[in-house]
Amino acid sequence: LDVSVDMWDLFCTCLVSLWLHRIYIYSAVAFGISIWIIIQVISTKTRKKVTEQTTPVRESLEVSGIEDKLANGYTVVQPKEDFVAGVKIFYGSQTGTAKRFAKALAEAVISLHLPVEALNMGDYDPDDCLSEETTSRNICVFLVATYTDGQPTESAAWFCKWLEEAASDFRFGKTYLKGLRYAVFGLGNSVYVDHYNTVGRNTDRWLWMLGASRIMTRAEGDCNVAQSKHGSIEADFEAWKTKFLGRLQALCSGEKKPCSGKCKKGKCRSPGKQSKECSDHEHGASEYENTEAEELFETSSEEEADAEEAESTNSVVDVEDLGDIMSHMKKAKRDGELEDGDVGMNLTGDSTGKKEVAEKREMITPALREALTKQGYKLIGSHSGVKLCRWTKSMLRGRGGCYKHTFYGIESHRCMEATPSLACANKCVFCWRHHTNPVGTEWRWKMDQPERILQEAIENHQNMIKQFKGVSGVKADRFEEAMTVKHCALSLVGEPIMYPEINLFVKLLHQHSISSFLVTNAQFPEEIRNLVPVTQLYVSVDASTKDSLKRIDRPLFKDFWQRFLDSLKALSEKQQRTVYRLTLVKAWNVDELKAYADLIALGKPDFIEVKGVTYCGESSASNLTMANVPWHEEVVHFVQELVDLIPDYEIACEHEHSNCLLIAHKKFKINGQWNTWIDYERFQELVQEHEMSGGAKTFSATDYTARTPRWALFGSREKGFDPLDIRHQRRNKARDISGC
């Protein structure tokens, strides 16, 4: 028992000791924590005081682009973050426009003191190199053109193919190009509605699908000046370039991304500062849906916009509802076009609810005016022009006339080359104007009156003739004759028949006793049917099959082949002189003899001019070389083979100097003598009688013919060169290729 009592006392004593010991431990811990809190408070106050004292120094260094850090009492300077390291411009070009734009953009970027590199997509391997741009801090710009069938240009084909495959390949993923920043400018032609700027749109979409970030909305330039938002594709590009440079400067200052305009006003306008409302989430589920508050361009189709809107509200659409959805989208598109005043016309509402039509834009933009003026054009009003033909200069000096002098007896020194419409519906590969003129499929511009056009055309022509007064070699009698215009070749540039008042313009020419030689590209059959009598009506037949015509003329109309055939049929209905003009391009259209014969049977022209293509020098608008120019002997051989297939025609004349031959219908061979020349005085009498009778009294091509001189005939010793003149051989001098 005593032992039990002692053990119990010992046990109780131990418990009390342990309890007291725990109190000591807890007290020690509490004391330690209190000391640690006091130390932290003192340290925080000390650091705050030091920071306040060093703030002026820090701000001063930040202004100069350097940020300081304090370490052990010393200032460690580091360079400020580089937001934009440089700009890389990728271009894919067919006619050289995108390449020209890339060069212009590069020069503008250099002015901002940023490194820049312009790269042809055909020389760039995206598989090996594009992913490097995710960490380079470069801005990548893509200038991509859409060809007529909606395909990329040859130089951009592989790049675009790689993008498309990568975007649909799960192995790349949605973050493959994350970190790459880009902008897209597409070059297209709205005439091809189904394929308008598809390459630019696809490039934008594929880059986004691979995780790249757009720095600004996609822009689209339009070659069709009637639809272009700024009057031409050049003006579209300049407007976008200005916007891009402003965005680039903002990025250089630290701004991360453009504001969508959805955030609260004023909270994300400053560079580098964006509110939560302007976060990625608020900009949309993806950057591809992002749009800027102030758009200069339409960056996605209405179908895409409506699809995105539908997807944001309900991602599941019943099949039966698709028809209603598409109808809604098409109606919205039409309404939008009406409200925006599509193709050069604006509808504006006033306070009374009335609408008035704003003035249409001019065809000749300031940039186009400058370019054409440098090329020697004398521009008239807003859409016309005149230029002195080299054959006019040649005949003034007694050095020979053009092939029209040989074939039809015109006086080249009295011929005015002009056009009432600088716009054209084709972009022919051999065009010696290098596509500086606008293109379009219908008249959508401000229109000048024909009286003004003719008056100023004659005045400008005479002023250019006056410059030859006293020039060595100019014949005095021909100089005096040249001051009175006797012929007008409406073949300078563009499509004259597009001009809405072409009939009145032709009548004015005849009232001034000026003969009319009108050339059309066979894309306006109705206008050909409605055309009043002209001295001689030409149709360019540059190819005999649908594929070759598309490749050579590069027409804007989607139904170009049917229009071409209908134009030839309309030509066959004309009673006055008609001509097919064939331009032979070696390795392009010289092997289509049977097809040419079929077209001749369709249009039944009075004459067929066959001319070898003229090499206009190296041009980004065409890939023709001297190898495509046939020798005169080759042209003769082609014509001889063609004549064998058209029994109603024979070779009549030749102008070796122009590498040109004339095939004439046998009805102009009267009593064994060719009568291809024109009795111009008789024509003026006939056309005047026609006008006075209100069109009741008609006349035909054989009513105003004249005898063809011997020297102009095929096979003559002179080969079409007028013996009254002296042939001048050019040596080591650039040729003036202008002329009709």
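Computed from a prediction, not measured in an experiment: that's the story for all the values here.

S.K.: What am I meant to see in the overall build of the chain here?
M.R.: In terms of regular secondary structure, the chain is built from 21 helices and 24 strands. In the chain, buried positions account for 49% of the 740 residues. The long-range fraction of contacts in the chain, counting pairs at least 24 apart against all pairs at least 6 apart in sequence, stands at 73%. Looking at the chain as shown, the accessible area adds up to about 37,400 Å², and 52% of this sits on carbon and sulfur atoms.

S.K.: When you look at the pattern of salt bridges in this model, what are you seeing that I'm missing?
M.R.: Throughout the structure, instances matching the rule amount to 30 salt bridges. The partner of D204 in a salt bridge is R218, and the shortest N-O contact between them spans 3.0 Å. Here D204, found in helix α5 (residues 198-209), pairs with R218, found in the loop between β7 (213-214) and β8 (219-222); they are 14 residues apart in sequence, far enough to count as distant. A relative accessible area of 2% means that R218 is categorised as buried. Put simply, K594 and D598 hold a salt bridge, and the shortest N to O gap is 2.9 Å. Highlighted residues: K594 and D598, both in helix α19 (residues 593-603), separated by four residues, approximately one helical turn. It is possible to trace a salt-bridge network through shared partners that takes in R201, D204, R214, R218 and E220.

S.K.: Would you mind showing me how to read the state of the cysteines here?
M.R.: Simply put, the disulfide is a covalent bond whose two ends are the sulfur atoms of two cysteines. Under the definition given, this model contains zero disulfides. Cysteine C653 is unpaired, with the sulfur of C660 as its nearest cysteine sulfur at 9.8 Å. A residue is classified by how much of its surface remains accessible, and C653, at 0% relative accessible area, is buried.

S.K.: Teacher, can you tell me more about the pairing of strand β16 (residues 536-540) here?
M.R.: Regular strands place side chains that alternate from one sheet face to the opposite one. Of all five residues that make up β16, five are buried, and the element is covered over most of its length. For the crossover from strand β15 (residues 515-520) across helix α16 (residues 525-530) to β16, the handedness is right-handed.

S.K.: Would you take a moment to explain the packing of helix α13 (residues 450-466) against helix α15 (residues 502-511) for this structure?
M.R.: Geometrically, a packed helix pair is captured by the angle between its two axes and the distance between the axes. Remark: α13 packs on α15, axes separated minimally by 9 Å, with the N-to-C direction vectors making an angle of 45°. Accordingly, the angle class assigned to the pair α13 and α15 is oblique. Handedness of the crossing formed by α13 with α15: right-handed. On α15, the residues that touch P450, E451, I453 and L454 of α13 are L504, F505, L508 and L509. Broken down by class, the residue content of the contact of α13 with α15 amounts to seven nonpolar, no polar and one charged.

S.K.: Got a minute to help me understand the sheet that holds strand β19 (residues 649-655) in this structure?
M.R.: Adjacent strands of a sheet pair through backbone hydrogen bonds, lying either parallel or antiparallel. Strand order in the open sheet made by the ten strands is β11-β12-β13-β14-β15-β16-β17-β18-β20-β19, with mixed pairing throughout. Every other strand in the sheet has two partners, leaving β11 (378-380) and β19 as the edge strands with one partner each. Averaged over all neighbouring strand pairs, the angle between strand axes comes to 25°, with direction disregarded. As defined by bridge partners, strand β18 (residues 607-612) adjoins strand β20 (residues 660-665) across five bridges and the pair is classed as antiparallel. Residue pairing across strands places F607 opposite A664, the latter belonging to β20.

S.K.: I would appreciate a short explanation of the pairing of strand β17 (residues 577-584) in the present structure.
M.R.: Counting buried positions over the eight residues of β17 gives eight, a clear majority of the element. Side chains R577, V579, R581 and T583 of β17 all project onto a buried face; the interleaved residues T578, Y580, L582 and L584 project onto the opposite face, where all are buried too. Of the pairings in the sheet, the one linking β16 to β17 comprises five bridges and is parallel in character. The partner of Y538 across the bridge, within β17, is V579.

S.K.: Honestly, the side chain of S228 in this entry has me stumped. Any pointers?
M.R.: Structurally, S228 is set in the loop between β8 and α6 (233-252). Of the residues examined, S228 reaches a relative accessible area of 0% and is grouped as buried. Side chain to side chain, S228 and D236 meet in a polar contact 2.9 Å long. Among residues more than four places away in sequence, those in contact with S228 are D222, I233, D236 and R361.

S.K.: I'm lost on α13 in this one. Help?
M.R.: An α-helical turn contains 3.6 residues, so any two residues separated by three or four positions project in the same direction. Its 17 residues place the ends of α13 24 Å apart at the C-alpha level, agreeing with the 24 Å of an ideal helix rising 1.5 Å per residue. For α13, every residue scored as buried is listed here: P450, I453, L454, A457, I458, N460, H461, M464 and I465. In an axial view of α13, the angular spread of the buried residues amounts to 165°, which keeps them on one side of the axis. The secondary structure elements touched by the buried residues of α13 are β11, β12 (384-387), α11 (390-396), β13 (415-419), α14 (476-482) and α15.

S.K.: Hey, could you run me through the environment of H510 in this one?
M.R.: With respect to the element layout, H510 can be found in helix α15. Separated by 24 residues in sequence, H510 and K486 place their C-alpha atoms 9.7 Å apart. Not counting residues within four places of it along the chain, the set of residues in contact with H510 comprises S516, P533, V534, T535, F683, Q684 and V687.

S.K.: What am I meant to see in α15 here?
M.R.: Residues I502, F505, V506, L508, L509 and H510 constitute the buried set of α15. Contacts made by the buried residues of α15 are with α13, β14 (487-490), β15 and α21 (680-692). Immediately beyond the C-terminal end of α15, within one or two residues, lies S513, with a positive phi of roughly 60°.

S.K.: What am I meant to see in unusual backbone geometry here?
M.R.: The phi angle of most residues is negative, glycine excepted, and most peptide bonds adopt the trans form. Residues other than glycine seldom take positive phi values, yet N659 does so here, at roughly 55°. Relative to the assigned elements, N659 resides in the loop between β19 and β20. Judged by relative accessible area, N659 falls into the buried class, the value being 12%.

S.K.: I tried to follow the environment of A570 on my own but got confused; where do I start?
M.R.: Counting through the fold element by element, A570 comes out in helix α18 (residues 560-572). Given the relative accessible area of 0%, A570 is considered buried. In sequence terms A570 and N530 are 40 residues apart; their C-alpha atoms lie 9.3 Å from each other.

S.K.: Hey, could you run me through the packing of aromatic side chains in this one?
M.R.: For any two aromatic rings, the description comes down to two numbers: the centre-to-centre distance and the angle of the planes. Under the definition given, this model contains 28 aromatic pairs. Ring geometry for F524 against F557: centres 5.6 Å apart, planes inclined by 80°, an arrangement best described as edge-to-face. Placement of F524 in the loop between β15 and α16 and of F557 in the loop between α17 (546-553) and α18 is noted, with a sequence separation of 33 residues between them. Accessibility assignment for this pair places F524 and F557 in one class, buried. Pairing Y596 with F638 gives two aromatic rings, centres 5.9 Å apart and planes at 85°, and the pair type is edge-to-face. Highlighted residues: Y596 in helix α19 and F638 in helix α20 (residues 632-643), separated in sequence by 42 residues.

S.K.: I tried to follow the side chain of N426 on my own but got confused; where do I start?
M.R.: Within the element layout of this structure, N426 appears in the loop between β13 and α13. Setting aside its immediate chain neighbours within four residues, N426 contacts V439, N521, Q523, D553, R554, P555 and L556.

Here is what the cut-offs are and how they apply
- Residues numbered from 1 in each chain as written.
- Predicted model: local features only at pLDDT ≥ 70, side-chain atom pairs only at ≥ 80, totals over all residues.
- Heavy atoms only, no water.
- Helix = DSSP H or I, 4+ residues; strand = E, 2+ residues; numbered from the N terminus.
- Buried < 20%, exposed > 50% of the residue type's maximum accessible area, 1.4 Å probe, protein only.
- Contact = heavy atoms within 4.5 Å.
- Areas by Shrake-Rupley, 256 points an atom, 1.4 Å probe, with all protein chains shown as cover.
- Salt bridge = Lys/Arg side-chain N within 4 Å of Asp/Glu carboxyl O.
- Disulfide = S-S within 2.5 Å.
- Right-handed = clockwise from strand over helix to strand, strands pointing away.
- Axes fitted to C-alpha atoms, helices over the stretch in contact; angles between N-to-C directions.
- Parallel < 35°, antiparallel > 145°, perpendicular 65-115°, else oblique.
- Left-handed = near helix turned anticlockwise from the far one by under 90°.
- Nonpolar A, V, L, I, M, F, W, Y, C, P; charged D, E, K, R; others polar.
- Pairing = 2+ DSSP bridges.
- Polar contact = N/O pair within 3.5 Å; in protein donor to acceptor, adjacent residues only side chain to side chain.
- Expected span 1.5 Å × (residues − 1).
- Arc of directions from axis to C-beta.
- Phe/Tyr/Trp six-rings, centres within 6.5 Å; stacked < 30°, edge-to-face > 60°.

So yeah, pure geometry; function would need other evidence.
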